[in-house]
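# Chains, contacts and geometry: an overview
In case you want the letters, here they are:
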Amino acid sequence: MALTLRFSATSPYVRKVVIVAHELDLFDKLELVNTAASPVDLKDTNGLVKDNPLSKIPSLNTPDGHLYDSPVIVEYLDSLSNGRKVIPVSGSARWKALRQQAEADGILDAALLSRYENFLRPEQYRWTEWVDGQLNKIKNALIHLESEAEQLAVDSTITIGEITIASALGYLDFRDVYNWRPIAPKLANWYSTFSARESFQKTIPPK
Ligand SMILES: N[C@@H](CCC(=O)N[C@@H](CS)C(=O)NCC(=O)O)C(=O)O
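Residues numbered from 1 in each chain as written. Predicted model: local features only at pLDDT ≥ 70, side-chain atom pairs only at ≥ 80, totals over all residues. Heavy atoms only, no water.

Reports often express the size of an interface as the amount of accessible area lost when the parts come together. When its domains are assigned, the protein resolves into domain 1 (3-80) and domain 2 (91-198). The centre of domain 1, based on its C-alpha atoms, is set 20 Å off from the matching centre of domain 2. Across the contact, 15 residues belong to domain 1 and 18 residues belong to domain 2. Interface area for domain 1 against domain 2, summed over the two sides, is near 1300 Å², with a carbon-plus-sulfur share of 64%. Considering only the side of domain 1, the residues that lose the most area to domain 2 are Pro12, Tyr13 and Lys16, jointly responsible for 39% of the buried surface there. On inspection of domain 1 and its partner domain 2, the count reaches 2 salt bridges. Between Asp105 and Lys16 there is a salt bridge, with the nearest N and O atoms lying 2.9 Å from each other. For the pair domain 1 and domain 2, the number of links is 4 residue pairs in polar contact (both at pLDDT 80 or more). Looking at the side of domain 1 that touches domain 2, the elements with two or more residues in it are helix H1 (12-23) and helix H3 (70-80). Sort the elements by how many residues they give to the side of domain 1 that touches domain 2 and H1 lands first, with 7 residues. (Domains from an automatic or database assignment. Contact = heavy atoms within 4.5 Å. Buried area = accessible area lost by both parts, 1.4 Å probe. Salt bridge = Lys/Arg side-chain N within 4 Å of Asp/Glu carboxyl O. Polar contact = N/O pair within 3.5 Å; in protein donor to acceptor, adjacent residues only side chain to side chain. Helix = DSSP H or I, 4+ residues; strand = E, 2+ residues; numbered from the N terminus.)

The next subject is the nonpolar core. Core analysis: the biggest nonpolar cluster contains 57 residues, and Leu77, Leu172, Trp180 and Leu187 have the highest contact counts within it. Secondary-structure elements contributing two or more residues to this core are strand S1 (3-7), H1, H3, helix H4 (91-120), helix H5 (128-146), helix H6 (160-174) and helix H7 (185-194). Counting residues per element, this core draws most heavily on H6, which supplies 9 residues. If we ignore the near neighbours within four places in the chain, the residues touching Leu187 are Leu142, Leu145, Glu146, Ala149, Leu152, Ile165, Leu169 and Trp180. (Core = buried A, V, L, I, M, F, W, Y, C linked by side-chain atoms within 4.5 Å. Buried < 20%, exposed > 50% of the residue type's maximum accessible area, 1.4 Å probe, protein only.)

Looking along the chain, the bond that leaves Ile57 and enters Pro58 is cis, with omega of 5°. As for its position among the elements, Pro58 is in the loop between helix H2 (48-51) and strand S3 (59-62). The peptide bond linking Tyr68 to Asp69 adopts the cis configuration, its omega dihedral lying at -5°. Although it is not a glycine, Asp25 adopts a positive phi angle of roughly 60°. Phi angles above zero are rare outside glycine, and Ser55 is one such case at about 60°. With respect to the helices and strands, the residue Ser55 is situated in the loop between H2 and S3. The buried category is assigned to Ser55, whose relative accessible area is 13%.

We now examine the UniProt feature "domain: GST C-terminal" (unreviewed entry) in the protein. Within this structure's numbering, the places UniProt gives as "domain: GST C-terminal" (unreviewed entry) are residues 97-207. Helix makes up 65% of residues 97-207 and strand 0%. Its end C-alpha atoms lie 30 Å apart. (UniProt positions renumbered as here; feature names shortened; annotations may be inferred.)

A few words on the layout of surface pockets. Roughly 750 Å³ of internal volume is contained in the largest pocket. Lining the largest pocket are 29 residues, and of these Tyr13, Lys56, Ile57, Leu112 and Tyr116 lie nearest its centre. Contributing elements (two or more residues each) for the lining of the largest pocket: H1, H3 and H4. The leading source of residues in the lining of the largest pocket is H4, at 6 residues. (1 Å grid on protein atoms, 1.4 Å probe; cavity = no way out; pocket = protein on both sides within 12 Å on 5 of 7 lines; lining within 4 Å. Points joined across faces, edges and corners; volume = space filled by probe spheres on them.)

Okay, structure coming up:
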């Protein structure tokens, strides 16, 4: 069964999906198609719009249709796995994992919006208070996740919660969006162990 993933090695949402594929032993089923996505370049030279009308990556072409966004793709991959799962099937573990995914995706949303503002928007239109508002969301989410850091796993019991948090922290470092370690030392401690996982090492974005 061919699964075609619209991919960029620098997208943190794509990274989340690819980590999941590695963790579930499904990576070999993916065919990666390099695809650039931008909120302002709508010329669609790479044909992304026909897969995802929102013109965002990741997008996964499956026998069940074109799927997006990353939480839906993660759910699809999880459904293909006969063994291990990254989304707990029921109970409070499930809701915690899904909320952590949403929280870390929210960190990424704010990080991307602040980057688009700082690097994409013409200089004369940039709005510092707006960027500060996004950075504040990142800060508040990190402070909250710091309170859960001691319960985060690093072994094969990791869920989509841990995977998304690690992808978000990796992106904050990669794009130098926010100096998060001083306000989240326990998270930093967890991250330094988590990042040794093979799935994380195999998905480090190129500088
Ligand atoms: N909620 C989406 C966000 C995906 C997203 O924003 N991806 C970025 C690349 S890192 C993108 O495609 N940006 C283009 C745009 O905003 O139009 C997901 O979880 O998949």
